Each structure stands twice: as structure tokens, then as C-alpha cells.
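The primary structure of each chain is shown beneath.
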Amino acid sequence: MNNIVIINTGLCIGCEVCVDLCPARILYLDDDGICCVSDESRCDRLRGCERQCPTRAIKIN
Ligand code: SF4
Ligand code: SF4
């Protein structure tokens, strides 16, 4: 369970916008093409992904 990077998988469309922009390189798509987080402790919490996700699938706590 993640506490910092919260992904609403039902909203993710697998566009990879967040994967490409994340400076910490901790976002990736799983085998189903849905966004996942590898190591949220490395998140800078600057909300780049939250702002740029077209479906607002990511929230940063
Ligand atoms: S930007 Fe949003 S919709 Fe696109 S892969 Fe990331 S979480 Fe999914
Ligand atoms: S807030 Fe920044 S570092 Fe954290 S997951 Fe989003 S883009 Fe990556």
C-alpha cells in the first residue's frame, strides 16, 4: 500500500505521460498498461505527475 503516490488505477489510461516526466523514475506501466510506483520513498512530492496526468489518476500526499 502506497502512502505518498496514490494511483487510481481505474482512471489510468496508460498514456505514459507521468512515466516520462517523473524525475525520480519511479513510475512505470505494469503488464496491463496501468501506472505503478516502484519506490515512493524517492518521490520529490513536487506533483509533476499529479498536474500533468490527463485523467487525474495520480494524487500525491
Ligand atoms: S499520466 Fe495518468 S493516465 Fe497517463 S499513465 Fe500516468 S497515471 Fe496513467
Ligand atoms: S511527484 Fe514527482 S517524483 Fe513523485 S511520482 Fe510524481 S513526478 Fe515522480
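Caption draft 1: Summary view of the environment of Pro-54. Here Pro-54 is to be found in the loop between α2 (48-52) and β4 (58-60). Owing to 10 C-beta atoms within 10 Å, Pro-54 belongs among the exposed residues under this scheme. Residues Pro-54 and Cys-18 lie 36 residues apart in sequence; the distance between their C-alpha atoms is 9.5 Å. When sequence neighbours within four positions are dropped, the list of residues in contact with Pro-54 reads Cys-15 and Val-17.

Caption draft 2: Summary view of the nonpolar core. In terms of nonpolar packing, the biggest core is built from 13 residues, with Cys-18, Leu-27, Cys-49 and Ile-58 touching the most fellow members. When sequence neighbours within four positions are dropped, the list of residues in contact with Cys-49 reads Cys-18, Leu-21, Cys-22, Leu-27 and Ile-58.

Caption draft 3: How the structure looks around unusual backbone geometry. Even without glycine at this site, Arg-25 takes up a positive phi of about 55°. Of note in the backbone geometry, Arg-56 takes a positive phi value of approximately 55° without being a glycine. Among the secondary structure elements, Arg-56 is positioned in the loop between α2 and β4. The class of Arg-56 is exposed, set by 11 C-beta atoms lying within 10 Å.

The rules behind these values
- Sequence positions are assigned chain by chain, starting from 1 and proceeding in written order.
- Note on labels: chains are lettered from A, ligands numbered from 1, in written order.
- Local features in this predicted model are restricted to residues whose pLDDT is 70 or higher, and side-chain atom pairs enter the listing and the counts only when it is 80 or higher, whereas totals over whole chains, interfaces and linings include all residues.
- Here a helix means four or more residues in a row that DSSP labels H or I, a strand means two or more in a row labelled E, and each is numbered from the N terminus.
- To sort residues by exposure, count the other C-beta atoms lying within 10 Å of each residue's C-beta; 20 or more gives buried, 12 or fewer gives exposed, and values between give partly exposed, all with C-beta atoms placed from the backbone.
- It is the C-beta atoms, placed from the backbone, that decide contacts: two residues are in contact if theirs lie within 7 Å.
- Any set of buried Ala, Val, Leu, Ile, Met, Phe, Trp, Tyr and Cys residues joined through C-beta atoms within 7 Å is what this text calls a nonpolar core.

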